[in-house]
Amino acid sequence: MSTEFTEWLRGRSDDQLRALVAVRPELITPVPAHLEGLATRAGSPSAIGRVLDRLDLFTLSVIETLAVLPSPVAHRTLRAQMARALRGAADPAFQGALRETVERLRTLALVYGPDKALAPAPGVREVLETPAGLGPPAVEVFRHHPAERLAELAEDIGGDGDGTKETLARLLGDPEIVGRLIQDVSPQARSALNELAWGPASGRVPNARREVRTADAQSPIEELLSRALLGATGEETVVLPREVALALRGGRIHRDLSPVPPALDGAVRDQGLADRTAAGQAFAFTRAVEELCERWSVDPPGVLRSGGLAVRDLKRTSVLLDLPEWVTGLVAEVAHAAGLVAASGAVDGEWLPTPAYDGWRVKGTEDRWTVLATTWLTMDRVPGVIGERDERDRLLNALHPDLRRSAAAEVRTATLGMLAVAGPGLAPTLESVRERLAWEQPRRRGGHRDQLVEFTLREAEQIGVTGLGAVVDHGRALLPGCDRTMSAGRLLAPLLPEPLDHVLLQADLTAVAPGPLTSDLRRWLALAAEVESTGGATVYRFDERSIRRALDAGQSADEMLAMLERHSTTPVPQPLGYLVTDVARRHGRMRVGTASAYVRCDDPSLLDEVMADRRALPLRLRRLAPTVIASKTSRPTLVDSLRAMGYAPASESLDGDVIITQLDVRRTDGQPLVRSSATFNGLEADVVAAAVRAVRAGDAAHRARRAPVEAPAGQVPRSPATATIVALREAIRQGSQVWIGYLDSQGNATSRILEPARMEGGYLTAYDETRAAVHRFALHRITGIADIN
Amino acid sequence: MTDGPLIVQSDKTLLLEVGHDRADECRKAIAPFAELERAPEHVHTYRITPLALWNARAAGHDAEQVVDALIGYSRYPVPHALLVDIAETMARYGRLRLEKDPVHGLVLTSTDRAVLEEVLRSKKIQPLLGERLGADAVAVHPSERGNIKQYLLKLGWPAEDLAGYVDGEHHPITLTEDGWELRTYQREAAEAFWHGGSGVVVLPCGAGKTIVGAAAMAHAKATTLILVTNTVSAHQWKQELIKRTSLTEEEIGEYTGTKKEIRPVTIATYQVMTTRRQGVYRHLELFDARDWGLVVYDEVHLLPAPIFRMTADLQARRRVGLTATLVREDGREGDVFSLIGPKRYDAPWKEMENQGWIAPADCVEVRVTLTDDERLAYAMAESEERYRFCATTPSKSRVTEALVRRHLDEQVLVIGQYIDQLDELGEHLNAPVIKGETKVKERERLFQAFRDKEIQVLVVSKVANFSIDLPEAAVAIQVSGTFGSRQEEAQRLGRVLRPKADGGGARFYSVVSRDTVDQDFAAHRQRFLAEQGYAYQIIDADDVLAGE
């Protein structure tokens, strides 16, 4: 580890160190013992990689430039180099931006040294393998070439052939020589060079290790190889030496740089309208989650053996919810990640709502939404890839364990964060968002991140974090680093429609709820009527079956009519009242008794057999008619017992359908397959301060240890025990050092210089300067004490 | 949150709260692009369908207007996806156009090359096309003008037909407004059609569609072919035209089973046009008999399939369709759109009623409880016989008779499906029966007698469903129907909805056997009527009988 860097770090003020660990918290987890440890950690490839990943394109270019130029670099040189790479002419803002950027890099401890001698921190060059798309320097490229070959090459490019790679590198480092060489080669060879000039710097050719002389060069590649404009680094790879690339780039390291990010462009929406749209969507999404949980409570889909939800079940659910499949996938994933839905068990499990769902359900819409939206923002699962195939060509099902992507949460936060700081109502296009992200996080690029951005935008719209493509206030409040004076829920609440407690009843037997209903009324209507259409309003239709369902659930006709009257603003239409009473009239006619279960069979002799069976005694059977037996046991028990007796009974409902009417609403304790990757919100200030304090203290101790103090020569004059104690106490009070004589455990007389800290129980705890460590000393062995001077 | 009268649902239905202050203006704003689906008392349901959107495009509305109307009147935020979908659907209309080219005749042109390429790849389209005329145009065989429009609609790229029309043979026709005048909506409907070139006018039964037809003819001033459902209807058209226009009896020909006259204005029935002998349509020459300047289709929703095929060849002539409903039981709304033309005008029943053009009606369902014997017999009946059985039970007849006695001094029409039942009822009520075998002359005599109030009760079978004019039927009693057909219901209701001389209301009874399939069918009808906004109530037959 470069001591220069350590010393520079040591020279930073406490404030600056605090700023460093605040932005690079990985450096103090755990807190290193001393600044040398901190410096080592700051120089580790993983730590540098992490911090480089967070740099924007301009900042990254600065550090790349520093990494390419031989260190140290004067600020003036850096500025001149960067100015060449600018897209337009260097504007005055550039200087300020550059100065700020360098300061930021210092804060991050990626760059150190004063302005006249800037250098990248140790380790940065290694991590930046191909800074600005440049290949390795010639020294590296030609490292493994034999001396004779190096001599040949040097000779061919007009130098003296002493056969060292350094000589070759020196020759290539001269732009004039390289310029001449480039002029010499054929146009095809030149265009090949231009291809590689701006990176990637390596290419593939068969038989790369050809040893050709300029005179014998047959092909463009051979022309280049013979002139050391390309070097072979493998059997089939050639690379453009950095010196050559720089010459080709005309002395520039980057091109088209801009110190400011590209602006987002897109349509500008009316913010009020966007807010309302997003609120509507938030409401719809919350409702969809609830609907899904309710549906799955009574009719849960199975868990696939590979985990996840079958395609068929997803389709079915999306029909039930009246949503496109990808939205259904999103709803299921968010419900799952929020812990509202989970698998009930490993074997033959089902997807069921969890007990947490019951808690969530009773909250206000805005709070429910906040839970869902926060979950979505931080979850590492990617619902967007449902239905795609993984690298082994297996279908990715909804709720499948492999739906996790570590970058998901970070991309969502980054994307929305960008939208959040855009102008009010701006709905940026996908393209411009991608471009901006590429500027802000140039090291984090790739096809799957682009895909994640696309998913983020469409899912945000669906969940109601954005409206018409623009971030809205309640969405912004979820993002880290944004104004949190108002919680997302409180911002959303006024935009949501008030729950209504009335419906409009019509003669065509429909009830229209012109907005969201109170949960009691909604449940009742869901029981007594079929939902016909949903959206801002809900249309319910009463029919014979739905009325019967309500009657089955224990409602009486009078109760139902009273309920209708209470919640209707207009008189109950005559045909609706008639329908209720008519169905109730017939429903009553069908009801025959209170037996908890019965056996029905067209063949009386079979029932005779059952009645005669001894094993049937505990079932307490009673023959109601030749073809009917009633039982006091419950239906499942009866069915099980009859099966045990060798019969094959089927369950039937009150209506005679072979269905179970008493559908069990079930819950699972299963845990979600999700880890919420907490977005980094910065460390608490006091944690940072404490860490810096600890490192400083450790460092002071560490440095002291490095230079143990020689004890003065000669014996310590003996002193009486009382005087010793008085002197030690005085030294503790003043924090001063003393010189003592001490008999160690072997009985040897030693001489120490101590910084006493505490004295109790016959022992002295003190920092021993001569041993550079804290020790405990037995008071009775201290032979004498003297002032250090 | 705005307080609009409109709620947009996720299934593309629009709910309009009728009681809202802005309901009226909202209705006007959304009517061009949404079909009124249901109009019960409080909340009307409109549906946005591709056809409705294309109708709106054809009428000159653009997506922006549609989106503005939705956003402006919606109470809750409109889902963005829906708006995008609307804009995309509307943008599909008119990408392709049929135009007349002075050199190549009929040409299909496109403003979007990709769309043209897409439809050209269709196997069904290829044979209809001629030579490719550059990148954006292709010739179309003139005879395939109709077919290509049908197929393009199926592909989701409806073509705008700008190829124009032949003028046809000139013939002077004017309206003679003596003692009557064209109602505002009739004039608007005729003008909307004329400006659109071809298309469909949707007006409720009893709103005077014949007069709209006459007005359309007065615009065209050309020889006209009128296609109607049956002979009685043909006679009525003739009488109306003589009464309302400058046409004389000599200028109007009837082309029916009995008469084969071809005159400047010719009225033909669907039936005669679709008669085949040895697999050949015998009367197709009628279409070519004259250089027709206008073709009128009465009751477009009943247009039989062969007429569609013939119409496909008539695309160069102006066409006007008249109907009470665009809903077809066979789902061929798309063919009406592509072959007759887009909707040019419509007005909901309820609005007409409010303006006093049609009589308000009370709909009453009378539930008859079957006797035990009847119930047992019903339970044992073969499934295909069940409906017939429960629709014709003696209990029903008794109730029907009681209902007729209730309305002794009013004009009562008893409508049914089964001849035996009708004969029996006629006998009991001492009323004449009109059925399929009744001679046309006799039918007209009876209708006239009914109009003149010489007869107070008339029993009719389903032959009376269409296009007969019974102005003073204040009460209609339906004893059996065709399995709950919505369209039949609209017709039957039409019988009693004509404005009464005394301005009184009409009453529509359905007699239904309780707890049978009859009741299930009745439920369909009830839904239809309630959705049309008619007051509907259900009473027990015992109350009727007890009231005597």
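Residues numbered from 1 in each chain as written. Chains lettered and ligands numbered in written order. Predicted model: local features only at pLDDT ≥ 70, side-chain atom pairs only at ≥ 80, totals over all residues.

Trainee: Please clarify how the overall build of chain B should be interpreted in this entry.
Mentor: Across its full length, chain B carries 22 helices and 25 strands. The burial tally for chain B puts 50% of its 548 residues in the buried class. Sequence-distant contacts in chain B: of pairs separated by 6 or more residues, those separated by 24 or more amount to 73%. (Helix = DSSP H or I, 4+ residues; strand = E, 2+ residues; numbered from the N terminus. Buried ≥ 20, exposed ≤ 12 C-beta atoms within 10 Å, placed from the backbone. Contact = placed C-beta atoms within 7 Å.)

Trainee: Explanation requested: the overall build of chain A in the structure shown.
Mentor: Scanning chain A for helices and strands turns up 33 helices and 23 strands. Per-residue burial over chain A gives 40% buried out of 789 residues. Considering only contacts within chain A whose residues lie at least 6 apart along the sequence, 67% involve residues at least 24 apart.

Trainee: Looking at this model, I keep getting lost on the sheet that holds strand β14 (residues 530–533) of chain A. Mind explaining?
Mentor: The strands that make up a sheet pair up through hydrogen bonds in the backbone, lying either parallel or antiparallel. Residue and element names in this part refer to chain A. What the four strands build is an open sheet, ordered β12-β13-β15-β14; its pairing is antiparallel. Where the open sheet ends on each side, the last strands, each with one partner, are β12 (504–505) and β14. As paired elements, strand β13 (residues 510–513) and strand β15 (residues 538–541) share four bridges and run antiparallel to each other. Bridging from a neighbouring strand, A513 pairs with T538 of β15. (Pairing = 2+ DSSP bridges.)

Trainee: What is the right way to read the interface of chain B and chain A from this model?
Mentor: Facing the 25 residues of chain B at the interface are 25 residues of chain A. Of all elements in the fold, only β1 (6–8), β2 (13–17), α21 (517–531) and β25 (535–540) of chain B reach the threshold of two or more residues within the side of chain B that touches chain A. Of the residues forming the side of chain B that touches chain A, the biggest block, four residues, is contributed by α21 of chain B. The class makeup of the residues in the side of chain B that touches chain A is eleven nonpolar, seven polar and seven charged. (Nonpolar A, V, L, I, M, F, W, Y, C, P; charged D, E, K, R; others polar.)

Trainee: Could you clarify how one ought to interpret the confidence of the model for chain B in this entry?
Mentor: For residues with low pLDDT, the predicted coordinates do not support detailed interpretation. Residue-level pLDDT values for chain B average 82, and 90% of them are 70 or greater. Two summary scores accompany this predicted model of the complex, namely pTM at 0.65 and ipTM at 0.78. (pLDDT = per-residue confidence, 0-100.)

Trainee: Explanation requested: the nonpolar core in the structure shown.
Mentor: Nonpolar side chains tend toward joint burial in soluble globular proteins. Ranked by size, the top nonpolar core spans 128 residues in total, and within it A511 of chain A together with V201 and A216 of chain B carry the most contacts. Here the element with the most residues in this core is helix α8 (residues 209–220) of chain B; it accounts for eight residues. Ignoring anything within four residues of it in the chain, the contact list for V201 of chain B reads A189, F193, V212, V320, G321, L322, R344 and Y345 of chain B. Within the second largest apolar cluster, 78 residues are counted, among which are L35, I63, L105 and A691 of chain A. (Core = buried A, V, L, I, M, F, W, Y, C linked by C-beta atoms within 7 Å.)

Trainee: Looking at this structure, how should I read the pairing of strand β7 (residues 129–132) of chain B?
Mentor: Successive side chains on a regular strand alternate, one facing one side of the sheet and the next facing the other. Residue and element names in this part refer to chain B. Pairing between β7 and strand β8 (residues 137–140): two bridges, direction antiparallel. Across the sheet, residue R132 finds its bridge partner in β8, namely V138. Hairpin connection of β7 to β8: four residues between the antiparallel strands, including G134 at a positive phi of 85 degrees.

Trainee: Teacher, can you tell me more about the packing of helix α5 (residues 57–68) of chain A against helix α6 (residues 75–85) of chain A here?
Mentor: Between two packed helices, what matters for the description is the angle formed by their axes and the separation of those axes. Residues and elements named next belong to chain A. Contact pair α5 / α6: the axes reach a minimum separation of 10 Å and the direction vectors enclose 125 degrees. When the axes of α5 and α6 are compared, the pair comes out oblique. When you trace α5 past α6, the crossing you get is right-handed. Contact with α5, carried on its side by S61, V62, T65 and L66, involves L78, Q81, M82 and A85 of α6 and no other residues of that element. Each residue belonging to the contact of α5 with α6 can be placed in one class, and the counts come to five nonpolar, three polar and no charged. (Axes fitted to C-alpha atoms, helices over the stretch in contact; angles between N-to-C directions. Parallel < 35°, antiparallel > 145°, perpendicular 65-115°, else oblique. Left-handed = near helix turned anticlockwise from the far one by under 90°.)

Trainee: Is there a simple way to think about the packing of helix α7 (residues 184–196) of chain B against α8 of chain B in this case?
Mentor: Residue and element names in this part refer to chain B. Packing of α7 against α8 brings their axes to within 9 Å, and their N-to-C directions diverge by 45 degrees. Relative to α8, the element α7 is oriented oblique. Between α7 and α8 lies a crossing of right-handed hand. Residues Q186, R187, A189, A190, F193 and W194 of α7 form the contact with α8, whose participating residues are I211, V212, A215, A216 and H219. Along the lines of polarity and charge, the residues of the contact of α7 with α8 split into eight nonpolar, two polar and one charged.

Trainee: Mind showing me how you'd approach α8 of chain B here?
Mentor: Each full turn of the α-helix corresponds to 3.6 residues, which orients residues three or four apart in the same direction. Residue and element names in this part refer to chain B. With twelve residues, α8 extends 17 Å between its outermost C-alpha atoms, agreeing within 8% with the 16 Å of an ideal straight helix rising 1.5 Å per residue. The element α8 is extensively covered by neighbouring structure, given that eleven of its twelve residues are classed as buried. Three or more residues of α8 are buried, namely K209, T210, I211, V212, G213, A214, A215, A216, M217, A218 and A220. On its buried side, α8 packs onto α7, β10 (199–202), β11 (224–228), α9 (231–244), β16 (294–298) and β17 (318–323). Just downstream of α8 lies K221, where phi reads positive at about 45 degrees. (Expected span 1.5 Å × (residues − 1).)

Trainee: Can you help me understand unusual backbone geometry in this one?
Mentor: Note: most residues except glycine have negative phi, and most peptide bonds are trans. For the bond running from S71 of chain A to P72 of chain A, omega is -10 degrees, close enough to zero to count as cis. Examined against the element boundaries, P72 of chain A turns out to sit in the loop between α5 and α6. In this structure, K12 of chain B is a non-glycine residue whose phi angle is positive, near 65 degrees. Summarising the element assignment, K12 of chain B is placed in the loop between β1 and β2.

Trainee: When you look at the environment of E235 of chain A in this model, what are you seeing that I'm missing?
Mentor: Residues and elements named next belong to chain A. Relative to the helices and strands, E235 is located in the loop between β4 (231–232) and β5 (237–239). As for E235 and N207, which are separated by 28 residues in sequence, their C-alpha atoms are 5.8 Å apart. Here E235 is in contact with A208 and R209, once residues within four sequence places are set aside.

Trainee: Teacher, can you tell me more about the sheet that holds strand β6 (residues 105–110) of chain B here?
Mentor: Residues and elements named next belong to chain B. Read from one edge to the other, the open sheet built from five strands follows the order β7-β8-β6-β5-β9, with strand pairing classed as mixed. Strand pairing shows two members of the sheet lacking a second neighbour, β7 and β9 (159–161), which therefore form its edges. If you compare each strand with its neighbour and ignore which way they point, the axes differ by 35 degrees on average. One ladder, built from six bridges, connects strand β5 (residues 96–101) with β6; its direction is antiparallel.

Trainee: Help me understand the pairing of strand β17 (residues 621–625) of chain A, please; the structure alone is not making it clear to me.
Mentor: All names here are of chain A. Of the strand pairs in this sheet, β17 and strand β18 (residues 628–631) are connected by four bridges, and their pairing is antiparallel. Across the sheet, R622 pairs through a bridge with A630, a residue of β18. Where β17 hands over to β18, the hairpin turn is made up of two residues, counted between the paired strands.

Trainee: I'm lost on the confidence of the model for chain A in this one. Help?
Mentor: In the predicted model, chain A carries a mean pLDDT of 83, and the fraction of residues at 70 or more is 93%. Least confident of the elements in chain A is helix α32 (residues 685–706) of chain A, whose mean pLDDT is 74; most confident is helix α18 (residues 325–337) of chain A, at 93.

Trainee: Looking at this structure, how should I read the environment of F287 of chain B?
Mentor: Residue and element names in this part refer to chain B. Tracing the backbone through its elements, the reader meets F287 in helix α11 (residues 285–289). Judged by the 18 C-beta atoms lying within 10 Å of it, F287 is partly exposed. Setting aside residues no more than four positions away along its own chain, F287 makes contact with M310 and L314.

Trainee: Whenever I open this one, the environment of P45 of chain A confuses me. Can you help?
Mentor: Residues and elements named next belong to chain A. With respect to the helices, strands and loops of the structure, P45 is situated in helix α4 (residues 45–53). When the 11 C-beta atoms within 10 Å are taken as the criterion, P45 is described as exposed. In this structure the C-alpha to C-alpha distance between P45 and E126, which are 81 residues apart in sequence, comes to 7.6 Å. In this structure, P45 is in contact with G123, E126 and V127, ignoring residues within four places of it in sequence.

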